[in-house]
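Observations on chain architecture
Chain by chain, the residues:
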Amino acid sequence: MDRRSVLKHAGIAGVLAGAAAPAVHAQAAIRWRIASSFPKSLDTIYGGAEVFAQKVRQLSGGRFEVSVHAAGELMPAFGVVDGVEKGTVEAAHTAPYYFFGKDETFAIGGAIPFGLNSRQMSAWTFEGNGLKLMREFYAKYNMISFPCGNTGAQMGGWYRKEIKSAADIKGLKFRVGGFAGRVVERMGGVPQNIPGGEIYQALEKGTIDAAEWIGPYDDLKLGFHKVAPFYYYPGWWEGGLQLDLYVNRKAHDALSAENKAILEAASAYAHVDMQAKYDARNPAALKQLVAQGAKLRPFPADVMAEAFKQSMAVYQELNAKNPRWNKVYGDYARFRSDQNLWFRFTEATFDRFMQAQKL
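Here's what I pulled together on the structure shown here. (Residues numbered from 1 in each chain as written. Predicted model: local features only at pLDDT ≥ 70, side-chain atom pairs only at ≥ 80, totals over all residues. Heavy atoms only, no water.)

Quick look at the nonpolar core now. Among the nonpolar cores identified, the biggest contains 108 residues, and Phe 52, Trp 124 and Tyr 159 are the most heavily contacted of them. When residues in this core are grouped by element, the largest group, eight residues, is from helix H11 (residues 257-291). Excluding residues that lie within four positions of it along the chain, Trp 124 makes contacts with Ile 108, Leu 116, Asn 129, Gly 130, Leu 131, Leu 133, Met 134, Val 328, Asp 331, Tyr 332 and Phe 335. (Core = buried A, V, L, I, M, F, W, Y, C linked by side-chain atoms within 4.5 Å. Buried < 20%, exposed > 50% of the residue type's maximum accessible area, 1.4 Å probe, protein only. Helix = DSSP H or I, 4+ residues; strand = E, 2+ residues; numbered from the N terminus. Contact = heavy atoms within 4.5 Å.)

Structure follows, in structure tokens:
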């Protein structure tokens, strides 16, 4: 091929390349915002949304960008569902039970007292009817849910005074997340629903007598042990809190099939990542808290028994008056029964043996 022919073919190739280039760049970049219910200082639970956003960016080659905004930046911590429903933001990352005031069924999507642990919750969500039932429920709020994190079983919180019996719950002003407040109230307590970033000040000022958050890693950061020394366990109201990514239905439907798959894959990655971080970081943090004066205590047996009794009574009442709750909880409760039978012979027995050994 002579020089003139080379130039001729190069020219044609250049034209073709030039014609093709706009088609590649014509794909509009996607820009979403996530409103979080958590402060930036809590790098694990707030960080769940950041992990999700980073994975979306990575899987899309930078074509799908998601910015994460802490509680209060775009809207209040407890205003994120309204924001997604109205389309003010495309998505929110939050704890479903914060919104039980809208409908108690929200709580089942996160954690309810004496409910499923984290593994059981994932099993119900992904292999049982959980995701289907919760998405049917969320449809009335113009949003679709994606599991996006789990804290694992939580601690029972920080108390200014020792809890020696169920009688000590009476009159206790207790910051407790979501639906558990209904049970605490029946036990004579005074539940308070306060965002994570405001709990320390309320404890310090004596506005509240006790508060729970998640567990040692976050609690150490928040400094609760400095103002309320008694640290109780377990958090019977949260055997495994599942976090959700709520996505505006219209925004989701506008995505391509590829980007919908990216959304699902990134949320699943963040879902596993969050609990791995908590499980890895909580042990060392617990040691630090005890070394700094935290007084570790199990809840008295009568507190646990009364809390269980009152929880079951609440569920019976809701079954009778809230058909949406009844539909979801009925399936959840059947799944919980089977899971506890199975775990009784496997996980629980193995764990009890291992925890009794000197390692």
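Think of two packed helices as two axes; the pair is described by the angle between the axes and how far apart they sit. Following both chains from N to C, one finds helix H12 (residues 301-321) and helix H13 (residues 323-345) inclined at 135 degrees, their axes separated by 7 Å at the closest point. In terms of orientation, H12 and H13 fall into the oblique class. Of the two possible hands of crossing, H12 and H13 adopt the one that is left-handed. For the pair H12 and H13, contact is made by Met 312, Tyr 315, Leu 318, Asn 319 and Lys 321 and by Pro 323, Trp 325, Asn 326, Tyr 329 and Arg 336, respectively. A breakdown of the residues in the contact of H12 with H13 according to their chemical character gives six nonpolar, two polar and two charged. (Axes fitted to C-alpha atoms, helices over the stretch in contact; angles between N-to-C directions. Parallel < 35°, antiparallel > 145°, perpendicular 65-115°, else oblique. Left-handed = near helix turned anticlockwise from the far one by under 90°. Nonpolar A, V, L, I, M, F, W, Y, C, P; charged D, E, K, R; others polar.)

We describe a pair of aromatic rings using the distance from one ring centre to the other and the angle between the two ring planes. A complete count under the given rule lists 31 aromatic pairs for this structure. Between Phe 38 and Trp 213, the ring centres sit 6.4 Å apart and the planes meet at 75 degrees, which makes this aromatic pair edge-to-face. Residue Phe 38 is located in the loop between strand S1 (30-36) and helix H2 (47-59), and its partner Trp 213 is located in the loop between strand S8 (210-211) and helix H9 (216-222); the two are separated by 175 residues in the primary sequence. Look at Phe 38 and you get buried, because its relative accessible area is 1%. By relative accessible area, which is 5% here, Trp 213 ends up buried. Both rings, one in Phe 174 and one in Trp 237, keep their centres 5.7 Å apart while their planes meet at 75 degrees; by these two values the pair is edge-to-face. Note that Phe 174 is positioned in strand S6 (residues 173-175) and Trp 237 in the loop between strand S9 (230-233) and strand S10 (242-248), a separation of 63 residues in sequence. Aromatic ring contacts, followed pair by pair, group Phe 38, Phe 78, Tyr 97, Tyr 98, Phe 99, Phe 106, Phe 137, Tyr 138, Tyr 141, Trp 213 and Tyr 246 into a single cluster. The ring of Tyr 269 carries Lys 55 above its face, with NZ or CZ at 4.1 Å from the centroid. Taking the ring centre of Phe 146 as reference, the NZ or CZ of Arg 135 above it sits at 4.8 Å. (Phe/Tyr/Trp six-rings, centres within 6.5 Å; stacked < 30°, edge-to-face > 60°. Lys NZ or Arg CZ within 6 Å of the ring centre and 35° of its normal.)

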